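Chain by chain, the residues:
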Amino acid sequence: DAGVIQSPRHEVTEMGQEVTLRCKPISGHDYLFWYRQTMMQGLELLVYFNNKAVMDDSGMPKDRFSAKMPNASFSTLKIQPSEPRDSAVYFCASSFQPLYNSPLHFGNGTRLTVT
Amino acid sequence: GDSVTQMEGPVTLSEEAFLTINCTYTATGYPSLFWYVQYPGEGLQLLLKATKADDKGSNKGFEATYRKETTSFHLEKGSVQVSDSAVYFCALTKTSYDKVIFGPGTSLSVIP
């Protein structure tokens with residue numbers, strides 16, 4: 001299996017621009033998570049899906065962030081408009097049930113820089 | 001709420017030294033416990049896990065024992081290598097919810 005695939009690996013954009021991050025989970029996995037990692041805050045859970053439905057997006061700034069999972073093999077995280085404080089590494093992870101016995105499989109992340 | 005606490009880093013060790021990274025948790029019920037490792041430029045990957053009290057998880061020379069009486073899951077390795085330099089995350093989850101709670105991570109540097 002190719003693992004969780006994220007694109008792009010790096011993104012540099014100007015403040016106010018729209019940014020779209022993409023994720024392809026491992027085939028057959030029921031869960032998909034979006035995390036943000038910064039030096040100051042560590043790993044933050046933004047949103048997660050179970051069988052394509054949003055289960056919890058309380059960690060996501062909803063005025064500018066949106067997450068979609070139109071099918072079982074693809075998810076996007078969109079930021080509009082982007083701000084310098086959004087600069088971070090964004091990780092997508094997938095897993096299958098039951099979560100208490102199944103590890104998360106992470107992609108290699110997208111490093112976002114907003115200038 | 002439920003949480004995970006780890007010893008602060010960074011930790012710097014010489015090659016072949018003994019490693020301990022402390023992890024304690026706060027959670028009701030019977031969580032499953034995990035250690036993940038993140039190498040530079042990569043995502044996290046599972047290192048080991050334990051799903052019930054007194055279980056010992058082990059992988060690549062690393063070990064951790066689930067101690068319910070002390071709510072701990074300390075990571076140990078008898079002889080570290082330069083290639084073990086990474087950030088280590090302790091984590092928990094429970095059957096009653098669909099998410100994973102991560103600790104803040106502990107950075108380890110091993111010098112030759």
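Going by the structure above, here's the rest.
The sections below set out a description of the structure shown in this document. (Residues numbered from 1 in each chain as written. Chains lettered and ligands numbered in written order. Predicted model: local features only at pLDDT ≥ 70, side-chain atom pairs only at ≥ 80, totals over all residues. Heavy atoms only, no water.)

Take the pattern of salt bridges next. Enumeration over the complete set of coordinates arrives at ten salt bridges over all chains. A salt bridge links D86 of chain A to R64 of chain A; the shortest N-O distance between them is 2.6 Å. Of this pair, D86 of chain A sits in the loop between strand 8 (74-79) and strand 9 (88-95) while R64 of chain A sits in the loop between strand 6 (53-56) and strand 7 (65-71), and the two are 22 residues apart along the sequence. A relative accessible area of 8% places R64 of chain A in the buried class. For the salt bridge of D55 of chain B with K52 of chain B, the shortest nitrogen-to-oxygen distance reads 3.4 Å. A residue is classified by how much of its surface remains accessible, and D55 of chain B, at 21% relative accessible area, is partly exposed. Take K52 of chain B: its relative accessible area is 51%, and that puts it in the exposed class. (Salt bridge = Lys/Arg side-chain N within 4 Å of Asp/Glu carboxyl O. Helix = DSSP H or I, 4+ residues; strand = E, 2+ residues; numbered from the N terminus. Buried < 20%, exposed > 50% of the residue type's maximum accessible area, 1.4 Å probe, protein only.)

Residue and element names in this part refer to chain B. Only one face of strand 1 (residues 3-6) is covered, namely the one carrying V4 and Q6; the face carrying S3 and T5 has none of its residues buried. Alignment of strand 1 against strand 4 (residues 23-26), held across four bridges, turns out to be antiparallel. Looking at strand 4, one finds that Q6 is bridged to C23. (Pairing = 2+ DSSP bridges.)

Residues and elements named next belong to chain B. Strand order in this open sheet of four strands is 3-9-8-7, and the pairing throughout is antiparallel. At either margin of the open sheet sits one strand with a lone partner, and together these are strand 3 (19-21) and strand 7 (56-59). Geometrically, the sheet is characterised by an average inter-axis angle of 15° between neighbouring strands, direction not taken into account. Bridge count for strand 3 against strand 9 (residues 75-77) is three bridges, and the pairing is antiparallel. Note that in strand 9 the partner of L19 across the bridge is K77. (Axes fitted to C-alpha atoms, helices over the stretch in contact; angles between N-to-C directions.)

Time to look at the environment of W35 of chain B. Residues and elements named next belong to chain B. Its location among the elements puts W35 in strand 5 (residues 32-38). Note: C-alpha distance between W35 and F89 (54 residues apart in sequence) is 5.6 Å. Here the side chain of W35 touches F73 through a polar contact of 2.8 Å, landing on its backbone oxygen. (Polar contact = N/O pair within 3.5 Å; in protein donor to acceptor, adjacent residues only side chain to side chain.)

Let us now look at the environment of F49 of chain A. Residue and element names in this part refer to chain A. Here F49 lies in strand 5 (residues 42-50). Along the primary structure F49 and K68 are separated by 19 residues, whereas in three dimensions their C-alpha atoms are 8.9 Å apart. Excluding residues that lie within four positions of it along the chain, F49 makes contacts with D30, Y31, L32, W34, V54, M55, A67, K68, M69 and S75. (Contact = heavy atoms within 4.5 Å.)

Note that every value here comes from positions in space, so none of it alone points to a role or purpose.
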